[in-house]
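Chain by chain, the residues run as shown.
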2 protein chains.
Amino acid sequence: MQPTQLTATAPRVLARDLGSVTPGERVALAGWIHRRRVLAHVTFLVLRDRSGLAQVVVKDPAVVEQLAGLPEETVVSVTGTATANASAPGGAELVEPEVTALTEPAVAPPTELWRPTFGAGLPTHLDHAAVTLRHPRHRAAWQIASASMRGFRSALGALEFTEIATPKLVGTATESGSTVFTVDYFGRTAYLAQSPQLYKQMLVGVFERVFEVGPVFRAEPHDTVRHLAQYTSLDAELGFVRDHRDVLAVLREAIAGMVDAIGAEASEAVALLGVDLPRVPDEFPVIHFRDALAMVGADPDEPDLSPAHERQLSEWARAAHGSDFLAVEGYPMAKRPFYTHPQGPPPPECAPDDPRREVGRYSNSFDLLFRGLELTTGGQRLHRPSDYAAALERTGTDPAVLGGYLDAFAHGMPPHGGFAIGLERWVARLTGAENVREVALFPRDLNRLAP
Amino acid sequence: MQPTQLTATAPRVLARDLGSVTPGERVALAGWIHRRRVLAHVTFLVLRDRSGLAQVVVKDPAVVEQLAGLPEETVVSVTGTATANASAPGGAELVEPEVTALTEPAVAPPTELWRPTFGAGLPTHLDHAAVTLRHPRHRAAWQIASASMRGFRSALGALEFTEIATPKLVGTATESGSTVFTVDYFGRTAYLAQSPQLYKQMLVGVFERVFEVGPVFRAEPHDTVRHLAQYTSLDAELGFVRDHRDVLAVLREAIAGMVDAIGAEASEAVALLGVDLPRVPDEFPVIHFRDALAMVGADPDEPDLSPAHERQLSEWARAAHGSDFLAVEGYPMAKRPFYTHPQGPPPPECAPDDPRREVGRYSNSFDLLFRGLELTTGGQRLHRPSDYAAALERTGTDPAVLGGYLDAFAHGMPPHGGFAIGLERWVARLTGAENVREVALFPRDLNRLAP
C-alpha cells in the first residue's frame, strides 16, 4: 500500500524519515502540534506523529500568525523543504512551511503534553485519558504492552500453540463467587469470566497446546494499586506434561519472547522510560514453598507468602542466582483451586525431610515472582475424572454447575498444566509504575467506568 | 525447549514426524486413541495428537486385550519400533508397541469422532463441544480462524498499527440500546461493549493506527444462523486518511494477510474442509450504493441492501471483475451511526447524475461483500468537534453520555476511519458452514450459555 497522501502538493513522510529525505525536496509532515516555541525572529513548531517528533522552522510572519491560532494538539499537515540540521531531532528539519489545519483548533489539554515529565496526577490522567494518553511516556508504556503481547504469541506460536477465543459470558461462577460480575443474559443470570481456565483446559483436549490473550473480569471490591476490574490475561495451557516443571519451561519461553519483542520493537519506549529489561535465565531458579517459608523466617504452617516475603525471596534470587525471576513451587493444596494437581510421590533419592515427602499437602503449582512481585500463577491440573470427583467432594463443589467441563475429563484428557500472566502487572513492574492503572488504557475499577 | 518426554523408555515424537524416524528406532507417540480396528490377526490402533494421525500395529495378544479396555478418546502413550509402511499415514507406523494409559478409560463420545464426516447434528455438537470439537473437521475450522487472527495482526503490524486492549465494560450503551447486555457494576449499571468503536477512535489520537482482536457482545434477541451473543471482532482504525478509500486499501491488506496466513499455516485444514481460498485482488472492486440499488432493480430510495441483493451483487462482481469481494460504498447517512462521515463534495469531473453530487445524503462508508454475504462494515468517521456537535443534535444523542469520547475530538483528531471483520462469519463463509455456530468455540446465543 502506498503511503497516505493528504496534500496535493507533496507526499507525506513520517517524522523519523525526515532525515532520509534529500535536502531541498518538498515533503509533507502530518501530525499533532506538539509544541510551538515562539522566539523573536523564528518560531519552532514541533510536530508529533506515530513515529516521533520533527522540527519545523517558521520565519514567514503570515505563518507565525497562523500558528498563533493553532494551539498544541491541533492536527495539521505541513509541507516544507527538508533541510539538514544536526541539532534537530533526526538530523533534519522542515523550512519554508505551509501549514494546513486538518481539524479545528484544539482545546488545551489538562496538562502540557510536550513537557518530558507528565505534569498531572493519576486522577487527572485517568479522567482525561483520551488526550493524556498521548503523552510520550504513556504512549511508551503501552508500546511495551503491545510488544509484550506480540512476543508472547510469537514464542507460543513457535511451540505449536493454537490461539483460542473463549466465552466471556459463562453460566456459573466457578472460581470465587464473591468477585464475579453478574450479567442480565436474556432474563437469566450470567457471569463475566474471571479467567479462561476451564475453557483452555477443555481445549487442550482438542489442540494439546493453546493460548489466549484477552480480557478477564474481577469484581474486585478493594481499591488497590495492583488490581483492575478488567485486565488483559496472557493465558497458556498445554498437554502431555510430566508435571508443573514442564509448564514452567514454557512460561520461561513465553517471557523470553516478551522480553525479546520489547527489546526489538519498543526500544525507544524502553529508553524513554529507562526500563532495565531483565535477562531471562535459561531456566528460572525454583524454590519449594516450604523452603521459601523457612528462608524468610515464617511459620511453616503459613498457607501463603506475604508481599514482604515475596520481596525478600526476590532479593535472594537476585543475590544467589543473579535472576530477576524466581519460581516458588509446591504451594499448599488448601490455598489452590479445586483443579490443582497435588505434588507427586517423592522421588526415591530425596532426603527424609524433603518437602516432596508430604503427600497431599503440597501442590504441583507455582507462582513466578518478578522483581519482588507475583507475576504469574501456574501449575499442573488434575486430568483423571476420578480425581475431579474426589476434588469436588473435598471442596464441596456441586459437579452440576461445572457441566461440560467435567465431560472433557470423562472423554480423555492428558496430564496438563498452564499459567496466566497479567499484562498490566507485567508492564507496571517493568516500567516501575507504582499503580497498575498508569499502564492500562482506560482502566476499570471500583470507582471508574469512564472514559 | 526440549520436547516433553512422558515415558522413561523413549522420547516422544509427533505423529507427523514418525516418517522421519530411522526405521528400527524405539520412540513414543502420545495422544488420543482415535480408532481401534480389530481384525482377526492384527489390531490397528490409530493415534491422534496435535499434529495428525499415526498408525500402530498390534499383534501381541496381551496388548490387544489391553486395548479392549481402552476405548476411543482414551489418552495413552505408545512406545514402539518405527517401521516404514507406504500405506500408513506419513509412510510409517509403529510396531511391537507397549501401551500406557495416561488417564482412565474414556467414556464414548456422543458420536464416533474417527468417522470422516461428523455424524451428529449441531445441537449435539454444541451440547458436547468439550469432546466433539476434537473431530478433525471442527478442529480444522478453528485452525483457519486461528491462522486468520495471526494473518490479520501480521498484516497490520507491518503497516505500523499498534495493538490495543479496550474496555469491555462501558458506562453507556452508545450504538443501540436495544441489543446491549447490562452488568451489575459494583451496584451501578454497566454495559458490555458492542464494539471497540469509540475507544479505537480515541486511540487513533494516540497511536495513529490501531487494531484490536477481541470479544464483542450483542444481546441479539433473534435466533439466526448469522448472529452470536459474543463473537471475535477484528477491528482496525487509522488516521490521516483522505477518505474511506484509504480505509478500504488497508482492509484489502488485512484480508490478504489473513488469506496468506491460512494458506501458509492451515493448509491441511484447507484441504480437509475443501476450502477454496479466495484470490484477493490488488484493489477491491467498488460500486456506489445507488448504482448497486439500480443494478439489482431495487427502489432508489431503499435505505439498505437485502441479503438477496448482496448475493446478486456478489455474483456480478464475480462475473465482471473475477472477484469474490465487492465493496459497496456510499450507504445512506440515515442508516449509519452518528460518527459516520458524509460523502465529500463531488469532484469537478463527475457527471451530473453521479451520486457523489447529492451532498449529505450518502456517506463515506462501505460494506465489503464476500461471496454473497456482508463481511465487514467500515468507513470514514467524523473528526471535527463541530461535526460531532451537529451529528449528535441531528440524531438526538445526549453529548453527556459520550463523556471522554468527545474530548478526543476537542483536543485534535486527524481525518480517520476503520473497519471491523467478524471472525466467525469470515470462517463460516470460507468453510461453507451454514451456521456461524459451527465454527465458533463454545458459541453463545439467546438459548445457550453452556458449556
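What you see is a predicted model; the values in this text were computed from it and never measured.

1. What to know about the overall build of chain A
Piece 1. In terms of regular secondary structure, chain A is built from 12 helices and 16 strands.
Piece 2. Referenced to the eigenvectors of the C-alpha coordinate spread, the extents of chain A come out at roughly 85 × 55 × 40 Å.
Piece 3. Here chain A holds 451 residues, and the buried ones make up 59% of them.
Piece 4. Within chain A, residue pairs in contact and separated by at least 24 positions form 66% of the contacts whose partners lie at least 6 positions apart.
Piece 5. Of the roughly 17000 Å² of accessible surface on chain A, 51% is carried by carbon and sulfur atoms.

2. Considering helix H10 (residues 385–395) of chain B
All names here are of chain B.
Piece 1. Burial in H10 covers these residues: Tyr388, Ala391 and Leu392. Relative to the axis of H10, the buried residues are bounded by an arc of 100° and lie together on one face. What points out from H10, more than 90 degrees from its buried face, is the exposed set Glu393 and Arg394.
Piece 2. Buried-residue contacts for H10 involve helix H5 (197–207), strand S15 (373–381) and helix H11 (404–410).
Piece 3. Remark: glycine 396 follows H10 within two positions and exhibits a positive phi of approximately 65°.

3. Notes on the UniProt feature "binding site: L-aspartate" (unreviewed entry) in chain A
Residues and elements named next belong to chain A.
Piece 1. Per the UniProt record, the feature "binding site: L-aspartate" (unreviewed entry) sits at Glu175, Arg218, Thr377 and Arg381.
Piece 2. Residue placement: threonine 377 occurs in strand S15 (residues 373–381).
Piece 3. Apart from residues lying up to four places away in sequence, threonine 377 is in contact with Arg336, Phe366, Asp367, Gly418, Phe419 and Ala420.
Piece 4. Side-chain polar atoms of threonine 377 contact the side chain of aspartate 367, separated by 3.0 Å.

4. Quick look at the UniProt feature "binding site: ATP" (unreviewed entry) in chain A
Residue and element names in this part refer to chain A.
Piece 1. Summarizing the sequence annotation, UniProt attributes the feature "binding site: ATP" (unreviewed entry) to Arg218, Ala219, Glu220, Arg226, His227, Leu228, Glu374, Gly422, Leu423, Glu424 and Arg425 in the numbering used throughout.
Piece 2. Mapped onto the secondary structure, leucine 228 falls in the loop between strand S10 (209–217) and strand S11 (230–239).
Piece 3. For leucine 228, the residues in contact, after removing those within four places along its chain, are Arg218, Glu424, Val436, Arg437, Ala440, Pro443 and Arg444.
Piece 4. Looking at the secondary structure, you find arginine 425 in helix H12 (residues 423–431).
Piece 5. With near-sequence residues (within four places) excluded, arginine 425 lies in contact with Arg226, His227, Leu373, Glu374, Leu375 and Val436.

5. Regarding the interface of chain B and chain A
Piece 1. The interface is formed by 102 residues belonging to chain B together with 102 residues belonging to chain A.
Piece 2. Carbon and sulfur atoms supply 59% of the area that chain B and chain A bury against each other, a total of about 8800 Å² over both sides.
Piece 3. Taken together, the links from chain B to chain A amount to 10 salt bridges.
Piece 4. Where Arg153(A) meets Glu163(B), a salt bridge forms, and the shortest distance between an N and an O atom there is 2.6 Å.
Piece 5. Ranked by the residues each element gives to the side of chain B that touches chain A, the list is headed by H5(B), at 7 residues.
Piece 6. Class assignment of the residues belonging to the side of chain B that touches chain A gives a composition of 55 nonpolar, 21 polar and 26 charged.

6. Quick word on the domain arrangement of chain A
Residues and elements named next belong to chain A.
Piece 1. On domain assignment, one finds that chain A holds domain 1 (15–101) and domain 2 (129–439).
Piece 2. The C-alpha centroid of domain 2 is placed 47 Å from the C-alpha centroid of domain 1.
Piece 3. On the domain 2 side, the residues contacting the 7 residues of domain 1 number 4 residues.
Piece 4. Both sides of the domain 1 and domain 2 interface together cover about 390 Å² of buried area, and 44% of this is carbon and sulfur.
Piece 5. Taken as a group, Arg48, Arg50 and Glu73 account for 63% of the area that domain 1 buries against domain 2, more than any other trio of residues on that side.

7. Examining the environment of Pro345(A)
Residues and elements named next belong to chain A.
Piece 1. Locating proline 345 in the fold gives a position in the loop between strand S13 (325–329) and strand S14 (365–370).
Piece 2. Given a relative accessible area of 69%, proline 345 falls into the exposed group.
Piece 3. Remark: the alpha-carbon pair of proline 345 and glutamate 358, spanning 13 residues in sequence, is separated by 8.4 Å.

8. Concerning the environment of Pro443(B)
All names here are of chain B.
Piece 1. Inspection of the secondary structure puts proline 443 in the segment after helix H12 (423–431).
Piece 2. The spatial distance from the C-alpha of proline 443 to the C-alpha of alanine 62 is 44 Å, given a sequence separation of 381 residues.
Piece 3. Those residues in contact with proline 443 that sit more than four places away from it in its chain are Leu126, Leu228, Arg437 and Arg448.

9. A short note on the relation of the copies chain B and chain A
Piece 1. Each copy of the sequence occupies a distinct position, and chain B is placed on chain A by a rotation of 180° and an axial shift of 0.0 Å, giving an RMSD of 0.0 Å. Classification of the inter-copy transformation places it as that of a two-fold axis. It is Val183(B) whose C-alpha, among those of chain B, lies nearest the rotation axis, at 2.2 Å.
Piece 2. Mapped onto chain A, 100% of the interface residues of chain B are again interface residues, and the two copies thus contact each other with one and the same surface.

10. Here we look at the pattern of salt bridges
Piece 1. For the structure on display, the rule yields 64 salt bridges over all chains.
Piece 2. The closest approach of N and O atoms between Arg371(A) and Asp324(A), which form a salt bridge, is 3.1 Å. Pair noted here: Arg371(A) is in the loop between S14 and S15 and Asp324(A) is in the loop between helix H9 (307–321) and S13, with a separation of 47 residues, a long-range link.
Piece 3. Given the relative accessible area of 8%, Asp324(A) is considered buried.
Piece 4. Taken together, the salt bridges that share partners define one network made up of Arg12(A), Arg16(A), Asp17(A), Arg50(A), Glu160(B) and Glu208(B).

11. So, the sheet that holds S10(A)
All names here are of chain A.
Piece 1. The 8 strands are arranged S6-S10-S11-S16-S15-S14-S13-S12 in an open sheet whose pairing can be described as mixed. With partners counted over all chains shown, the strands left at the sheet margins are strand S6 (162–163) and strand S12 (286–288), one partner each.
Piece 2. Note that S13 and S14 share 5 bridges and pair antiparallel. Note on S14: the bridge partner recorded for valine 328 is aspartate 367.
Piece 3. Set on the sheet, helix H5 (residues 197–207) makes contact with S6, S10, S11, S15 and strand S16 (416–422); between it and S11 the angle comes to about 35°.

The rules behind the values
- Residues numbered from 1 in each chain as written.
- Chains lettered and ligands numbered in written order.
- Predicted model: local features only at pLDDT ≥ 70, side-chain atom pairs only at ≥ 80, totals over all residues.
- Heavy atoms only, no water.
- Helix = DSSP H or I, 4+ residues; strand = E, 2+ residues; numbered from the N terminus.
- Buried < 20%, exposed > 50% of the residue type's maximum accessible area, 1.4 Å probe, protein only.
- Contact = heavy atoms within 4.5 Å.
- Areas by Shrake-Rupley, 256 points an atom, 1.4 Å probe, with all protein chains shown as cover.
- Arc of directions from axis to C-beta.
- UniProt positions renumbered as here; feature names shortened; annotations may be inferred.
- Polar contact = N/O pair within 3.5 Å; in protein donor to acceptor, adjacent residues only side chain to side chain.
- Buried area = accessible area lost by both parts, 1.4 Å probe.
- Salt bridge = Lys/Arg side-chain N within 4 Å of Asp/Glu carboxyl O.
- Nonpolar A, V, L, I, M, F, W, Y, C, P; charged D, E, K, R; others polar.
- Domains from an automatic or database assignment.
- Least-squares fit on C-alpha atoms with pLDDT ≥ 70 in both.
- Pairing = 2+ DSSP bridges.
- Axes fitted to C-alpha atoms, helices over the stretch in contact; angles between N-to-C directions.

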